[in-house]
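An overview of the molecular structure
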Amino acid sequence: MKNLILCFFSFIILSCNDDDVEPVVTPPFVPVVIEPILISKRSINSTLDIVQQNTVFNSEINWNLLLNQFDAPFISIGLGNYFTESYFEETVIDFTNYTVIVVIDRIYGNGGHTIDITNITEFETTIVVTVENLQTGNGSSVVTQPYHIVKIPKATKPIVFE
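Just so it is clear, the structure is predicted and the values come from calculations on it, not from any experiment.

**Focus: the overall build of the protein**
A count of helices and strands for the protein gives 3 helices and 8 strands. For the protein, with 162 residues in total, the buried portion stands at 33%. Contacts in the protein between residues far apart in sequence, at least 24 positions, make up 79% of those at least 6 positions apart. Here the protein displays about 10,400 Å² of accessible surface, and carbon together with sulfur accounts for 57% of that area.

Now the structure itself:
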C-alpha cells in the first residue's frame, strides 16, 4: 500500500508543470542622444592644411599627433602650443573615460564656413554622428579650414558619421 501511495504522489508531483511563468522579454533598445563636451570649434585662418577627416580618437598618442599639427606653425617660430592653448578648452584627455570625435572640413578660399557636429545618437549597435555645414561661406577672403572637436563618454560601439 505504501508503494501505491508513493506512486500516486510521485505521479501528481511530476505531472504538475509551471505554465504560468511568462518568458522574460527584453524591451527594445531606445536610442539615446549623447550630449558632447566641446573641446574646440572654429576655423583655422591659415594654410595649415590639416587633412580633411572624420576621426575617432581613443588614444593619447594619435590625439597628441593631431594637436602637434595644429601647433606646428607656432612651434616653428618659438610660440610653442599657442593654438591649442588659446583655442582648445582642454588638450589633456582621460581616454579611459572619454572618446574624442574630430571633424575637420576641407580648405576654403574664403571665410564664413563651418563644419558642425549637430547630433550624436547611440543606437543598439552603433553611435551615429551627424555632421553638417550650417554656414557656407561669403565671409572674408581669408583662406579657412573649419573644424569641430568634441568628447563623449567612452564609446564601446562603432562610431559612424553621416
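**Focus: the nonpolar core**
The nonpolar side chains of soluble globular proteins are, as a tendency, buried together. In terms of nonpolar packing, the biggest core is built from 18 residues, with Trp63, Phe70, Phe88, Val100 and Ile149 touching the most fellow members. Elements represented by at least two residues in this core include exactly strand E2 (37-44), helix H2 (60-76), strand E4 (98-104) and strand E7 (145-153). The element best represented in this core is H2, accounting for 4 residues. In this structure Phe88 touches Ile39, Ser40, Trp63, Leu67, Phe70, Phe83, Tyr147 and Ile149, once residues within four positions along its chain are discounted. If you look at the next biggest cluster of nonpolar residues, it comprises 13 residues, including Ile115, Val131, Ile152 and Ala155.

**Remarks on the pattern of salt bridges**
Following the criterion strictly, the structure yields 3 salt bridges and no others. Residue Lys41 pairs with Asp116 through a salt bridge whose shortest N-O separation is 2.7 Å. Taken together, the residues span a long stretch of sequence, with Lys41 in strand E2 and Asp116 in strand E5 (residues 116-122) at a distance of 75 residues. A residue is classified by how much of its surface remains accessible, and Lys41, at 35% relative accessible area, is partly exposed. Look at Asp116 and you get buried, because its relative accessible area is 7%. Lys151 serves as the salt-bridge partner of Glu90, at 3.0 Å between the closest nitrogen and oxygen. Of this pair, Glu90 sits in the loop between helix H3 (82-87) and E4 while Lys151 sits in strand E7, and the two are 61 residues apart along the sequence.

**Considering the side chain of Gln53**
Residue position: Gln53 is located in strand E3 (residues 53-57). Reaching out from Gln53, the side chain makes a polar contact with the backbone oxygen of Val51 at a distance of 3.0 Å. If we skip the residues at most four places from it in the chain, Gln53 touches Leu66, Val102, Val103 and Ile104.

**A word on the sheet that holds strand E6 (residues 127-132)**
What links the strands of a sheet is backbone hydrogen bonding, and the strands pair in either a parallel or an antiparallel sense. Spatial ordering of the open sheet is given by E1-E5-E6-E8, a layout of 4 strands whose pairing is mixed. Single-partner strands in this sheet number two, and they are strand E1 (32-33) and strand E8 (159-161).

**Side note on H2**
Counted at 1.5 Å a residue, the expected span for H2 with its 17 residues is 24 Å, and the 22 Å between its end C-alpha atoms agrees. For H2, the principal kink sits at Phe70 and spans about 50 degrees; a proline, Pro73, occurs within the next four residues. Within the sequence span of H2, burial applies to Trp63, Leu66, Leu67, Phe70 and Asp71. Those residues of H2 hidden inside the fold are in contact with E2, E3, H3, E4 and E7. Backbone geometry just downstream of H2 places Gly78 in the positive-phi region, at approximately 85 degrees.

**As for the pairing of E5**
Strand direction decides the pairing type here: E1 and E5, joined by 2 bridges, are antiparallel. Within E5, the position partnered with Val32 by the bridge is Glu122. Note: E5 against E6, 6 bridges, orientation antiparallel. Across the sheet, Glu122 pairs through a bridge with Ile127, a residue of E6.

Here is what the cut-offs are and how they apply
- Residues numbered from 1 in each chain as written.
- Predicted model: local features only at pLDDT ≥ 70, side-chain atom pairs only at ≥ 80, totals over all residues.
- Heavy atoms only, no water.
- Helix = DSSP H or I, 4+ residues; strand = E, 2+ residues; numbered from the N terminus.
- Buried < 20%, exposed > 50% of the residue type's maximum accessible area, 1.4 Å probe, protein only.
- Contact = heavy atoms within 4.5 Å.
- Areas by Shrake-Rupley, 256 points an atom, 1.4 Å probe, with all protein chains shown as cover.
- Core = buried A, V, L, I, M, F, W, Y, C linked by side-chain atoms within 4.5 Å.
- Salt bridge = Lys/Arg side-chain N within 4 Å of Asp/Glu carboxyl O.
- Polar contact = N/O pair within 3.5 Å; in protein donor to acceptor, adjacent residues only side chain to side chain.
- Pairing = 2+ DSSP bridges.
- Expected span 1.5 Å × (residues − 1).
- Bend = angle between axes of the 7 residues up to and from the residue.

Spatial relationships are all this shows, so hold off on functional conclusions.
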